[in-house]
Amino acid sequence: MTAAAIEVRGLEKSYGELAVLRGVDLEVPRGRIVALLGANGAGKTTLVRVLATLLRADAGAASVAGHDVATAAPDVREALSLTGQFAAVDEILTGRENLVMVARLRRLPDAGATADALLARLGLAEAAHRRVGTWSGGMRRRLDIAMSLVGEPEVIVLDEPTTGLDPQARLEVWAAVRELADAGTTVLLTTQHLEEAERLADRIAILHEGRILVDGTLAELKALLPPATVEYVEKQPTLEEVFLAVVGGGERS
Amino acid sequence: MTAIADTRILTGRSLRHIARSPDTIITTALMPIAFMLLFVYVLGGAIDAGAGRYVDYLLPGILVITIASGVSYTAFRLFLDLQGGMVERFRSMPIARASVLWAHVLTSLVATLISVAVVVAVALAMGFRSGAGIGAWLAVAGILALLTLALTWLAVIPGLTASSPDGASAFAYPLILLPFISSAFVPTAGMPGPVRWFAEHQPVTAIADAIRALLTQEPVGADLWVALGWCVAILGVAYGVATAVYRRRMA
Ligand SMILES: Nc1ncnc2c1ncn2[C@@H]1O[C@H](COP(=O)(O)OP(=O)(O)OP(=O)(O)O)[C@@H](O)[C@H]1O
Ligand SMILES: [Mg+2]
């Protein structure tokens, strides 16, 4: 077994003429949070789908927890859990039924208790017995993430987990992600929010034109820029801070 | 066996869908019931289908229509699962991949056979009677179940390939029309040459004749084997194509 939880070497993937991934190299160390940054259409989802064995790469290799995605797909599916870019939840079932179903599919001994714990953890306990069809987008997103946490897989991949969430729900998701990492889970998340990457990730990788342009800690990335000049400015609160102050939320971690 | 356990869990899920929107079972039964009313009370007087009650003659073909309209919901439900990302979610989990399709197929079997029972109940209210014994009824149930299974696998193909929900269920229209060019409503003897040839060589005629013979306690003869042959052939081809499409679509 290799040291890295995810290892990607020279990965290539085209859709017809469109070469989306053109030799991606990426390493995600065990127990770390790595953020994959990239513009719309950069290929983040494509890369993530290859890692989740939903898509076959044209060339190169990728492994998850030491299992090759092409030759040992069942082991990869055992080790990795994906929350896709768009919430995939059963709208006709209740939130709890969704989680119980996943827990049973993962053969957990006490599916009901697992479901209840996750509902509480993501702030969904109140809505647990309502059909998901009646839930808000943010609640569905959190349920979607909860469904990936069932069974505590070694590696969790989140494709834009906080897109469409209000600031408070975003903080809850961030807290949940940090908790995962503290418990030793490896997390790869894609995002377009620079702040999210900054606040959450141990390492940041930037995907651009089919390759990983840079990959390092925030400090390493900042060191790539020319040294900052010191200026004195009045610090304005960010809109997010204002919003949270007004609605009375705030960081609950 | 993990594949069987996975299929059981996923079948439980889609049966719950049906239980929460039982209207699909009613809608499935509605059109065949309308045809039955129309043919028995409006057109039946003008149709010469031999001695005996016309509703007894008609019911087997109506049941075929019920099955065709029932399986179109399967295509619809599968399409929604694909579009909503549930199929991807299941496929990224450590479960038997075939269980996703089998769950839809088994659910279709249950839902469609409930619709069939509803239609039979209405037929009984309209005066349908059969003196057939338990063995003949079991044989009829077996043929209907086999046909449902075959047409469900056929429905999986548009469910996987359609680009809109309407497209997914539209494939059923030809299946619903097929009984009209068969012995289901009128005996083939009165049809003009080429139509008659088609009617006598398409599956609905053999299936309807076999079921009718069983229910009216007449000798079934070769029809039974032709009917079963059609069902098994459709099942085999549809299953092969459906699973190949599923594998390719997901590669
Ligand atoms: N199935 C497909 N067939 C053809 N082209 C595709 C397919 N899936 C993605 N693409 C194209 O590949 C490119 C990369 O898509 P991808 O979804 O991986 O980007 P992304 O980085 O996740 O973008 P976003 O931030 O918008 O989610 C895009 O140009 C997209 O149009
Ligand atoms: Mg994407």
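In the block above lies the structure referred to throughout.
Let us look at the structure shown here. (Residues numbered from 1 in each chain as written. Chains lettered and ligands numbered in written order. Predicted model: local features only at pLDDT ≥ 70, side-chain atom pairs only at ≥ 80, totals over all residues. Heavy atoms only, no water.)

1. What to know about the coordination of the magnesium ion (ligand 2)
At the metal site, the magnesium ion (ligand 2) is ligated by Thr 45 of chain A (OG1) and Gln 85 of chain A (OE1), and these contacts range over 1.9 to 2.1 Å. One end of the pair, Thr 45 of chain A, is in helix H1 (residues 44-51); the other, Gln 85 of chain A, is in the loop between strand S6 (80-83) and helix H3 (95-105), and 40 residues separate them in sequence. (Donors = N, O, S within 2.8 Å, 3.2 Å for Na, K, Ca; no water. Helix = DSSP H or I, 4+ residues; strand = E, 2+ residues; numbered from the N terminus.)

2. Remarks on the site of ligand 1
All names here are of chain A. Neighbouring residues of ligand 1: 14 residues in total, closest Gly 41, Lys 44, Thr 45, Thr 46 and Gln 85. Thr 45 is positioned with one of its side-chain polar atoms (N or O) 2.6 Å from an oxygen atom of ligand 1. In this structure, Gln 85 approaches ligand 1 through a side-chain N or O atom, which is 2.8 Å from an oxygen atom. Alone, ligand 1 offers 640 Å² of accessible surface; in the complex the protein occludes 60% of this. When residues of the shell around ligand 1 are traced back to their parent elements, those giving at least two are strand S2 (18-29) and H1. Classifying every residue of the shell around ligand 1 by side-chain character gives five nonpolar, seven polar and two charged. (Near = heavy atom within 4 Å. Polar contact = N/O pair within 3.5 Å; in protein donor to acceptor, adjacent residues only side chain to side chain. Areas by Shrake-Rupley, 256 points an atom, 1.4 Å probe, with all protein chains shown as cover. Nonpolar A, V, L, I, M, F, W, Y, C, P; charged D, E, K, R; others polar.)

3. Description of the nonpolar core
Formed by 124 residues in total, the largest nonpolar core has its most connected members in Leu 99 of chain A together with Met 36 and Phe 90 of chain B. Of all the elements, helix H3 (residues 54-83) of chain B adds the most residues to this core, at 16 residues. The residues contacting Leu 99 of chain A, other than those within four sequence positions of it, are Ala 115, Leu 118, Leu 119, Leu 143, Ala 146, Met 147 and Val 150 of chain A. Core analysis: the next-biggest nonpolar cluster, separate from the first, contains 33 residues, Leu 36, Ala 62, Val 64 and Ala 79 of chain A among them. (Core = buried A, V, L, I, M, F, W, Y, C linked by side-chain atoms within 4.5 Å. Buried < 20%, exposed > 50% of the residue type's maximum accessible area, 1.4 Å probe, protein only. Contact = heavy atoms within 4.5 Å.)

4. Some remarks on the interface of chain A and chain B
Chain A puts 28 residues into the contact, and the matching count from chain B is 24 residues. Approximately 2,300 Å² of surface area, both sides summed, lies buried where chain A meets chain B, with 54% of it carried by carbon and sulfur atoms. Of all residues in chain A, the largest losses of buried area upon contact with chain B belong to Leu 54, Arg 77 and Leu 105 of chain A, amounting jointly to 29% of the total for that side. Our enumeration of links across chain A and chain B arrives at six salt bridges. (Buried area = accessible area lost by both parts, 1.4 Å probe. Salt bridge = Lys/Arg side-chain N within 4 Å of Asp/Glu carboxyl O.)

5. Describing the sheet that holds strand S1 (residues 4-15) of chain A
All names here are of chain A. Here four strands make up an open sheet; going across it, the order is S2-S1-S4-S5 and the pairing antiparallel. Each edge of the open sheet carries a strand with a single partner, namely S2 and strand S5 (67-68). Here S1 runs beside strand S4 (residues 59-64); their pairing, made up of five bridges, is antiparallel. When the bridges of S4 are listed, Glu 12 appears paired with Ala 59. Along the sheet, H1 contacts S1, S2 and S4; its crossing angle with S1, the most-contacted strand, is approximately 120 degrees. (Pairing = 2+ DSSP bridges. Axes fitted to C-alpha atoms, helices over the stretch in contact; angles between N-to-C directions.)

6. Re the pairing of strand S9 (residues 203-208) of chain A
Residues and elements named next belong to chain A. Where strand S3 (residues 33-37) lies against S9, four bridges are found, and the strand directions are parallel. Looking across to S9, one finds that Ala 35 is bridged to Ile 204. With five bridges connecting them, S9 and strand S10 (residues 211-216) associate as antiparallel partners. Of the residues in S10, the one forming a bridge with Ala 205 is Asp 215. Counting the residues in the hairpin turn of S9 and S10 gives two residues, including Glu 209, whose phi is positive at 50 degrees.

7. Observations regarding helix H6 (residues 167-182) of chain A
Residues and elements named next belong to chain A. The terminal C-alpha atoms of H6 lie 22 Å apart, and with 16 residues this matches the ideal 22 Å at 1.5 Å per residue to within 8%. Every buried residue of H6 is listed here: Pro 167, Ala 169, Arg 170, Leu 171, Glu 172, Val 173, Trp 174, Ala 176, Val 177, Leu 180 and Ala 181. Residue Gly 184 follows H6 closely and has a positive phi angle near 100 degrees. (Expected span 1.5 Å × (residues − 1).)

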